[in-house]
Amino acid sequence: MAAAPDEAVKQFSALMELLEEPLKTTFENVHQGYPRGTLVRFLKAREWNVPKAHKMLMDFLNWRIQNGIDSVLAKPIVPSDLYRAIRDTLLVGLTGYSKQGQPVYAFGVGLSTLDKASAHYYVQSHIQMNEYRDRVVLPAASMMFGKQINTCLKVMDMTGLKLSALNQIKMLSTITAIDDLNYPEKTETYYIVNAPYVFSACWKVVKPLLQERTKKKINVLHGSGRDELLKVMDYESLPHFCKQEGSGSSNDLSDGVDCYSYDHPFHQQLYNYIKRQALNQNFVGPIKQGSLHVDVPSPDLEEAKIRETIESELHNLRGAKGLSQTFSRIKVEGP
């Protein structure tokens, strides 16, 4: 049963005071001196139900211990050419900050091919991005804007999204499960831009399945969304695919290096940070190659239902559009 927010936080705090090692240290690594903020995030994710939020957080802390997440930022993906290939095929970058101080991340959903490395490397890179956000980017933003900043904004570019490119659905579902169950309530708003018919058709059937809290976070914008986004961020913080009117283009690099690129300052800072952390941990000899194998949590019932609905809608589109036989082999599955 859901409790009033203040009472829920009080009850949750009392439970967390009972933590023993190594859970206690891991929890400290997560909240970085702000335990209330972490407790509130997990409570929101479980509709202020203290037992459910407590279970979710305990599962998360055990996941961190079992998979060595506390030290993931000391495990660089090497050689650098492999990391460059991952950046070229899992398109994500930091473009600036909102007017309220939240970091703005751009995601090239439609053009991410996820085909230049094993799934383990993509999962490792995504977790490292999350951890770097929580340990470095958000604290830096808090200092820059003089207030506590715990969330980010995400601009999701659907340019290039096609049915024939949805073979990556399992990988994207894996990433979503990691975020939903282990990094809840870290994104304040998702802005969807350049949405083609494929996305619109799926969104129409998925939206009714979402919790009201989740629906309020997703804002599907017209075209590149430039005018709407300029209400919450300055022009300099707009992703490159939003800097022109009408339909955007992920190939518009007129302002310099693509924010997705390995050569972008954000990715250079992130990669160099990880390499420094590896050296600081006194690793002996050269940094070893090989991906970090992380156990991926199973999706909850709501997410499983959404996947099932997307699968059904895609098959309906296949029948309506007479799509190629290659799509018949696409299966929307859990990780």
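As the structure is a prediction and not an experimental result, all values here were calculated from the model. Per chain, residue numbering runs from 1 following the sequence as it is written. Reporting of local features is limited, given that this is a predicted model, to residues whose pLDDT is at least 70; pairs of side-chain atoms are given and counted only at 80 or more, and all residues count toward the totals for whole chains, interfaces and linings. The side-chain figures draw on all heavy atoms in the structure; neither hydrogens nor water molecules are used.

Peer 1: Describe in detail the environment of L181, supporting the description with residues and values.
Peer 2: Inspection of the secondary structure assignment puts L181 in helix α7 (residues 169–182). Relative accessible area decides the class of each residue, using a 1.4 Å probe on protein chains only: under 20% of the type maximum gives buried, over 50% gives exposed, and in between gives partly exposed. According to the relative accessible area criterion, L181 is buried, its value standing at 15%. A C-alpha to C-alpha distance of 9.2 Å links L181 and F42, two positions 139 residues apart in sequence. Runs of H or I in DSSP of at least four residues are treated as helices and runs of E of at least two as strands, each being numbered from the N terminus.

Peer 1: Any details on the pattern of salt bridges? Residues and values, ideally.
Peer 2: Just to be clear on terms, a salt bridge is a Lys or Arg side-chain nitrogen sitting within 4 Å of an Asp or Glu carboxyl oxygen. Applying the stated rule across the entire model yields 14 salt bridges. Across the pair K215 and E212 runs a salt bridge, and its minimum N-O distance is 3.5 Å. Of this pair, K215 and E212 both sit in helix α9 (residues 212–215), three residues apart, which is roughly one turn of the helix. Classification of K215 by relative accessible area gives partly exposed; the value is 21%. A salt bridge links K231 to E228; the shortest N-O distance between them is 3.0 Å.

Peer 1: I'd like a rundown of the packing of aromatic side chains, residues and numbers included.
Peer 2: Here a Phe, Tyr or Trp ring, Trp counted by its six-membered ring, pairs with any other such ring whose centre lies within 6.5 Å, and the pair is stacked when the planes are under 30 degrees apart, edge-to-face when over 60, and tilted otherwise. Following the criterion strictly, the structure yields 13 aromatic pairs and no others. Ring geometry for Y132 versus Y273: centroids 5.3 Å apart, planes at 70 degrees, classification edge-to-face. With Y132 in helix α6 (residues 119–145) and Y273 in helix α11 (residues 265–280), this pair connects stretches of sequence that are 141 residues apart. A relative accessible area of 6% places Y132 in the buried class. Each member of the aromatic cluster is reached from another via a ring pair, and the members are F42, F60, W63 and Y183.

Peer 1: So what's going on with empty space enclosed by the protein? Residues and values would help.
Peer 2: Any residue with an atom within 4 Å of a point lines the site, the site being either a cavity, points on a 1 Å grid over the protein atoms alone where a 1.4 Å probe fits but cannot get out, or a pocket, an open set with protein on both sides within 12 Å along at least 5 of 7 lines. Grid points are joined across faces, edges and corners, and a volume is the space filled by probe spheres set on the points. For the structure shown, the criterion picks out two cavities of 30 Å³ or more. Size it by volume and the largest cavity reaches roughly 80 Å³. If you go around the largest cavity, the residues you meet are L90, V92, Y105, F107, H126, M129, N130, R133, C152 and K154. It is α6 that provides the largest number of residues to the lining of the largest cavity, a total of four residues. In this count, Pro and Cys sit with the nonpolar residues alongside Ala, Val, Leu, Ile, Met, Phe, Trp and Tyr, while Asp, Glu, Lys and Arg are called charged and the others, Gly among them, polar. Split into classes, the residues belonging to the lining of the largest cavity amount to six nonpolar, two polar and two charged.

Peer 1: How would you sum up helix α5 (residues 80–89)? Please name residues and give values.
Peer 2: Within the sequence span of α5, burial applies to L82, Y83, I86, R87 and T89. It only takes one pair of heavy atoms within 4.5 Å for two residues to be counted as in contact. Where α5 is buried, its residues meet β1 (92–97), α6 and α11.

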